[in-house]
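Per-entry structural report
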Amino acid sequence: MQLLRLLGPGILVAATGVGAGDLATASFAGSQLGTAILWAAVLGAFLKYVLNEGLARWQLATGDTLLEGAVLRFGRVVGWVFLPYLFLWSFFVGAALMSGCGVALQALFPLFDDQERGRIVYGALASIVGLVLVRVGGFRLFERVMSGLVALM
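The following paragraphs examine the structure supplied in this document. (Residues numbered from 1 in each chain as written. Predicted model: local features only at pLDDT ≥ 70, side-chain atom pairs only at ≥ 80, totals over all residues. Heavy atoms only, no water.)

1. Remarks on the overall build of the protein chain
Selection criterion: Elements are defined by DSSP. Helices are runs of H or I of four residues or more, strands are runs of E of two residues or more, and each kind is numbered from the N terminus. Each residue's exposure class comes from its accessible area (1.4 Å probe, protein chains only) as a fraction of the maximum for that residue type: buried when under 20%, exposed when over 50%, partly exposed otherwise. Only the protein chains shown count as cover for residues, and the accessible areas themselves come from Shrake-Rupley with a 1.4 Å probe.
Of regular secondary structure, the protein chain possesses six helices and zero strands. In the protein chain, the succession of helices and strands from N to C terminus is α-α-α-α-α-α. Within the protein chain, the fraction of its 153 residues that count as buried is 10%. Entry remark: accessible area of the protein chain is about 12100 Å², with carbon and sulfur atoms responsible for 74%.

2. Remarks on the pattern of salt bridges
The condition that has to hold: Salt bridge, as used here: a side-chain nitrogen of Lys or Arg that lies within 4 Å of a carboxyl oxygen of Asp or Glu.
Enumeration according to the criterion identifies two salt bridges in this entry. Across the pair Glu 53 and Arg 57 runs a salt bridge whose closest N-O atoms are separated by 2.7 Å. Of this pair, Glu 53 and Arg 57 both sit in helix 3 (residues 38–62), four residues apart, which is roughly one turn of that helix. The salt bridge partner of Arg 119 is Glu 116, with a shortest N-O separation of 2.2 Å. Pair noted here: Arg 119 and Glu 116 are both in helix 6 (residues 115–152), with a separation of three residues, about one helical turn. Judged by its relative accessible area of 40%, Glu 116 is partly exposed.

3. Some thoughts on a nonpolar patch on the surface
Quick note on the threshold: The patches reported here contain residues having more than 30% relative accessible area and no salt bridge. Joining distances are 9 Å for like charges and 5 Å for nonpolar side chains (Val, Leu, Ile, Met, Phe, Trp, Tyr).
A cluster of nonpolar side chains, namely Trp 39, Leu 43, Phe 46, Leu 47 and Val 50, defines an oily patch on the protein surface of about 530 Å² accessible area. Relative to the elements of secondary structure, Leu 43 occurs in helix 3. A residue is classified by how much of its surface remains accessible, and Leu 43, at 41% relative accessible area, is partly exposed.

4. Some thoughts on the packing of aromatic side chains
Using the following cut-off: Only rings of Phe, Tyr and Trp enter the pairing, Trp through its six-membered ring, and a pair is recorded when the two centres are within 6.5 Å. The plane angle decides the type: under 30 degrees is stacked, over 60 is edge-to-face, the rest tilted.
Counting across every chain of the model gives three aromatic pairs. Measuring from ring centre to ring centre gives 5.4 Å for Phe 82 and Tyr 85, while their planes differ by 50°; the resulting arrangement is tilted. Of this pair, Phe 82 and Tyr 85 both sit in helix 5 (residues 77–108), separated by three residues, roughly a single helical turn. According to the relative accessible area criterion, Phe 82 is partly exposed, its value standing at 30%. For Tyr 85, a relative accessible area of 49% corresponds to the partly exposed category. Taking the centre distance of 5.4 Å and the plane angle of 75° together, the rings of Phe 91 and Phe 92 count as edge-to-face. Take Phe 91 and Phe 92: they sit in the same class, and that class is exposed.

5. As for the packing of helix 4 (residues 66–74) against helix 5
Basically, it comes down to this: The convention used is that axes are lines fitted to C-alpha atoms, helices contributing only their stretch in contact, and that angles between N-to-C directions extend from 0 to 180 degrees. Convention used here: angles under 35 degrees read as roughly parallel, angles over 145 as roughly antiparallel, angles from 65 to 115 as roughly perpendicular, and any remaining angle as oblique. In this analysis, two residues are considered to be in contact whenever any of their non-hydrogen atoms come within 4.5 Å of each other. Only Asp, Glu, Lys and Arg are considered charged in this grouping, and only Ala, Val, Leu, Ile, Met, Phe, Trp, Tyr, Cys and Pro are considered nonpolar; every other residue, Gly among them, is considered polar.
At a minimum axis distance of 7 Å, the contact between helix 4 and helix 5 shows a crossing angle of 140°. As summarised for this structure, helix 4 and helix 5 are arranged oblique, according to the angle between their axes. Only Val 77, Val 78, Gly 79 and Phe 82 of helix 5 make contact with helix 4, whose side of the interface consists of Leu 67, Ala 70, Val 71 and Phe 74. Looking at the contact of helix 4 with helix 5 residue by residue, the classes come out as seven nonpolar, one polar and no charged.

6. Concerning helix 3
Selection criterion: Working rule for helices: expected span equals 1.5 Å times residues minus one.
If you check helix 3, its first and last C-alpha atoms are 36 Å apart, about what 25 residues at 1.5 Å a residue would give, namely 36 Å. Gly 63 sits one or two positions beyond helix 3 and adopts a positive phi of about 80°.

7. Here's the deal with the packing of helix 5 against helix 6
Spelled out, the test is: Take the far helix as your reference; a near helix turned counterclockwise from it by less than a right angle gives a left-handed crossing, and one turned clockwise gives a right-handed crossing.
In contact at an axis separation of 7 Å, helix 5 and helix 6 are set at 115° when each is read in the N-to-C sense. Here helix 5 and helix 6 pass one another in a crossing that is right-handed. Facing Met 98, Ser 99, Cys 101, Gly 102, Val 103, Leu 105 and Gln 106 of helix 5, the residues of helix 6 in contact are Gln 115, Gly 118, Arg 119, Tyr 122, Gly 123, Ala 124, Ala 126 and Ser 127. Each residue belonging to the contact of helix 5 with helix 6 can be placed in one class, and the counts come to seven nonpolar, seven polar and one charged.

Shown next as structure tokens:
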């Protein structure tokens, strides 16, 4: 029971970190390669657990994020090295979210015959609407509008 109490929170966080992208990628890889790379899934789950557990303990113990701790201990150069990664990550995640919104809106409201064009137009429109909502009323207005839309669906 003591072992479960010790390991349980980290296992829970690692399990909730498995998203739709992980499942889709794993399913595709499994269909192409079979069980030959099953070891990678087990190793990845273990490493995700260790990383999440360690980061959570670090932040609870010090009150600093991993990046803040690295900058404090290794100097400001760590922040500058992290910056290009942050820019690339933000760009790709933003593009994926715009594309996902575009695909969903095109499926819900198929106004365009060309699905690719619909995805692009709807993705751009969703981004602009989100920007306007945040600029006009802050994130609180954005959350209220999104909650209302979700309740409608």
